[in-house]
Amino acid sequence: MLFNSIQFLIFFAVVTALFFGLPHRFRWAMLLAASCWFYMAFIPVYLLILVFTIVIDYFAGIAIAGASGTRRRWFLVASIVANVGVLAFFKYYNFLNDNLAHALGLAGVSNPVPFLRIILPIGLSFHTFQAMSYTIEVYRGHHPAERHFGIYALYVMFYPQLVAGPIERPGNLLHQFHARHDFDPARVSDGLKLILWGLFQKVVVADRLAPFVNQVYDRPTQYEGLPLALATFFFAFQIYADFAGYSDIAIGAAQVMGFQLMTNFRRPYFARSIAEFWKRWHISLSTWFRDYLYISLGGNRVAKGRWLLNLMITFVVSGLWHGAKWTFVVWGGLNGLYLVSEIWAHDLWSRFRMGSWPAWLRHSSAALRMPLTFALACLAWVFFRANSTSDALHIVGHLFSGLGGSLSRLHDREFLKANVLLDQGPSEFLCALAVIAGLLAVQVYQERVHQQGGRVRDRLAARPVALRWAVYYVLIAAILFLGAFNRSRQFIYFQF
């Protein structure tokens, strides 16, 4: 069931009404049943996979809490093996088998392992990581084992963030299912505003940009220069608006019922370094890898060479988490290389005592950081979006080919249609530029308000009624008249 569908609108209204209409003691059961229904709307039989991991982790948590010594560790290992085993089978079996076949082929040996027709369960990586965080936190003594099986199952299956996050921790979410949540008009209004903004980002921004990106990235070898650069630029905003839009709808839907989910995005393209970018992008995942992989490897508490290796390992694994393709591995490794290079560059600048440079030179350097960080992110997005490594290498190799000549041919209507408008029409192209500009304008205001310690929704609530409703009507009108509604346009991160 897609957030950008009439079915979800009905589902959300019915579930929310039932939640507040039922006595508190029945709400968890209703939410669990609704979450099962929500997940079964994709592929019903795959609900059994969730049930399997939920049962394993529920009893593992209790066993870990009641054991001592090495037995606790073995219970944790059993839980992790079960979760990673399910993820590895459904997501990586054919990927690993394909690489095995290639390696054996180089040696002149045929691969005896059969390939399987496996459909990846929606959101498997997300709820697997959420389940793993529970058993790890119980093992570390940071959270008690949950004794209520239904509440634990709801922790894994809570429908707003079941498919694409945010990836929650037990310390933030589990206790909220035990607490009573009364109807609060201000909180409900706040959540609905966030849903409205998330829907705008998805159907008006992301889905408006998708045709331009697909046109080029589905046949990249037919293009060079300007169309490749334009499609890559559009994809940067498409994937942001798509995923941030999903997160806002999820957070808003939970907030309407009184549940607080963690912030998942904080205007990442305003970052002035790659390190800052990853503190703003997919925060629930980046902090998961930081807390459970990077720190477990030693973090920065080791020799510098090992520290940089820990960073690279974390980012490569993060890339593999996103998908069973070498393009994702390269994407993760490239981001790791960015961060390692950034650390080296910082050490280099420190030796030159940059603080003693003239103010104009320091300010100029600072002004370049944001566009440079954005450009590096866009370059990495090429590998994330490309259908194969060969396509990605073609795009990177031809990204700047003939740009000068392309600009001189913009007066040619046929060239303009094929290489800039990408056969979408001038009105579609202008609309795409307009929605990006609108998104950036809102984010500039959001960033300024955030730096002042506030929220845009609170600022908006303090404005006159006429102004508030004018903003709401503009957003609703934009969604209705500019939204690219299409049942086939799932959220990009559903594939992970």
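Below: a short report on this structure. (Residues numbered from 1 in each chain as written. Predicted model: local features only at pLDDT ≥ 70, side-chain atom pairs only at ≥ 80, totals over all residues. Heavy atoms only, no water.)

## Examining helix H10 (residues 226-256)
- Between its first and last C-alpha atoms H10 spans 44 Å; for 31 residues at 1.5 Å apiece the expected length is 45 Å, and the two agree.
- For H10, the buried fraction is high: 29 of the 31 residues fall into the buried class.
- Among the residues trailing H10, Gly-258 stands out with phi positive, at a value near 105 degrees. (Helix = DSSP H or I, 4+ residues; strand = E, 2+ residues; numbered from the N terminus. Expected span 1.5 Å × (residues − 1). Buried < 20%, exposed > 50% of the residue type's maximum accessible area, 1.4 Å probe, protein only.)

## As for the packing of helix H2 (residues 24-40) against helix H6 (residues 149-157)
- One way to put it is that H2 packs onto H6 with a least axis distance of 9 Å and a crossing angle of 40 degrees. Put simply, H2 runs oblique to H6. Crossing handedness for the pair H2 and H6: left-handed. Between H2, through Trp-28, Leu-31, Leu-32, Ser-35, Cys-36 and Tyr-39, and H6, the contact on the second element is made entirely by Gly-150, Ile-151, Ala-153, Leu-154 and Met-157.
- Residue classes in the contact of H2 with H6 are distributed as nine nonpolar, two polar and no charged. (Axes fitted to C-alpha atoms, helices over the stretch in contact; angles between N-to-C directions. Parallel < 35°, antiparallel > 145°, perpendicular 65-115°, else oblique. Left-handed = near helix turned anticlockwise from the far one by under 90°. Contact = heavy atoms within 4.5 Å. Nonpolar A, V, L, I, M, F, W, Y, C, P; charged D, E, K, R; others polar.)

## With respect to empty space enclosed by the protein
- Taken as a whole, this structure holds one cavity of 30 Å³ or more when the rule is applied.
- By volume, the largest cavity is sized at about 60 Å³.
- The wall of the largest cavity is formed by Phe-19, His-24, Arg-27, Trp-28, Leu-31, Leu-154, Phe-177, Ala-179, His-181 and Phe-259.
- Take the lining of the largest cavity: its biggest share by element is four residues, from H2.
- Looking at side-chain class alone, the lining of the largest cavity contains seven nonpolar, two polar and one charged residues. (1 Å grid on protein atoms, 1.4 Å probe; cavity = no way out; pocket = protein on both sides within 12 Å on 5 of 7 lines; lining within 4 Å. Points joined across faces, edges and corners; volume = space filled by probe spheres on them.)

## A short note on unusual backbone geometry
- Put simply, Gly-165 and Pro-166 share a cis peptide bond, and its omega is 5 degrees.
- For Pro-166, the position within the fold is in the loop between helix H7 (159-162) and helix H8 (170-178).
- Unlike most non-glycine residues, Arg-267 shows phi in positive territory, near 50 degrees.
- The residue Arg-267 is located in the loop between H10 and helix H11 (274-280) in this model.

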